[in-house]
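Take a look at the letters that make up each chain.
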Amino acid sequence: MSGVAMKAKVMAAFSYLGVLCVVPLLFNRGDSFVDFHARQGLVLWVWGVLSMFVMHFPGLGPYLFSTSTVLVAFLSLFGLVSVALNQSWKIPFIAGVADTLFGEGRQ
């Protein structure tokens, strides 16, 4: 993907900034680059939200929450680097879940 427009890069970057992942999903559905990153970002955000509920499990809950939070942050950073380099890298496991839930998208 060479020559990705600046607007597309900004929208794709929103995908990995928590709840802001809904912005490209709602306002930029025509771009396959943005759509790809928005679907992955949505899966990461939902994972982060669901991990908050795990925190309330007795015993291992806080440890699972901490591990999950670090993984989501790391994978979001990985996604942001992918956007900065104009790439559509599939994040392991996350891309598979996104494809299963939302279809393959526009390639």
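Since the model is a prediction, treat every value here as computed from it, not as a measurement. (Residues numbered from 1 in each chain as written. Predicted model: local features only at pLDDT ≥ 70, side-chain atom pairs only at ≥ 80, totals over all residues. Heavy atoms only, no water.)

Student: Would you mind going over helix H3 (residues 32-54) in detail, with residue names and values included?
Tutor: Residues separated by three or four positions in an α-helix point in the same direction, a consequence of the helix having 3.6 residues per turn. Between its first and last C-alpha atoms H3 spans 34 Å; for 23 residues at 1.5 Å apiece the expected length is 33 Å, and the two agree. Measuring from the backbone nitrogen of phenylalanine 33 back to the side-chain oxygen at the start of H3 gives 3.0 Å, which picks out aspartate 31 as the cap. (Helix = DSSP H or I, 4+ residues; strand = E, 2+ residues; numbered from the N terminus. Expected span 1.5 Å × (residues − 1). Polar contact = N/O pair within 3.5 Å; in protein donor to acceptor, adjacent residues only side chain to side chain.)

Student: How would you explain a nonpolar patch on the surface if you had to name every residue and give the values?
Tutor: Nonpolar side chains collect at one region of the surface, where Leu17, Val19, Leu20, Val22, Leu26 and Phe27 lie side by side and expose about 560 Å² of accessible area between them. Its location among the elements puts leucine 20 in the loop between helix H1 (6-14) and helix H2 (22-27). (Patch = residues over 30% accessible without salt bridge, like charges linked within 9 Å, V, L, I, M, F, W, Y side chains within 5 Å. Areas by Shrake-Rupley, 256 points an atom, 1.4 Å probe, with all protein chains shown as cover. Salt bridge = Lys/Arg side-chain N within 4 Å of Asp/Glu carboxyl O.)

Student: Go over the environment of arginine 39 with me, naming the residues and quoting the values.
Tutor: One can find arginine 39 in helix H3. In this structure the C-alpha to C-alpha distance between arginine 39 and glycine 18, which are 21 residues apart in sequence, comes to 12 Å.

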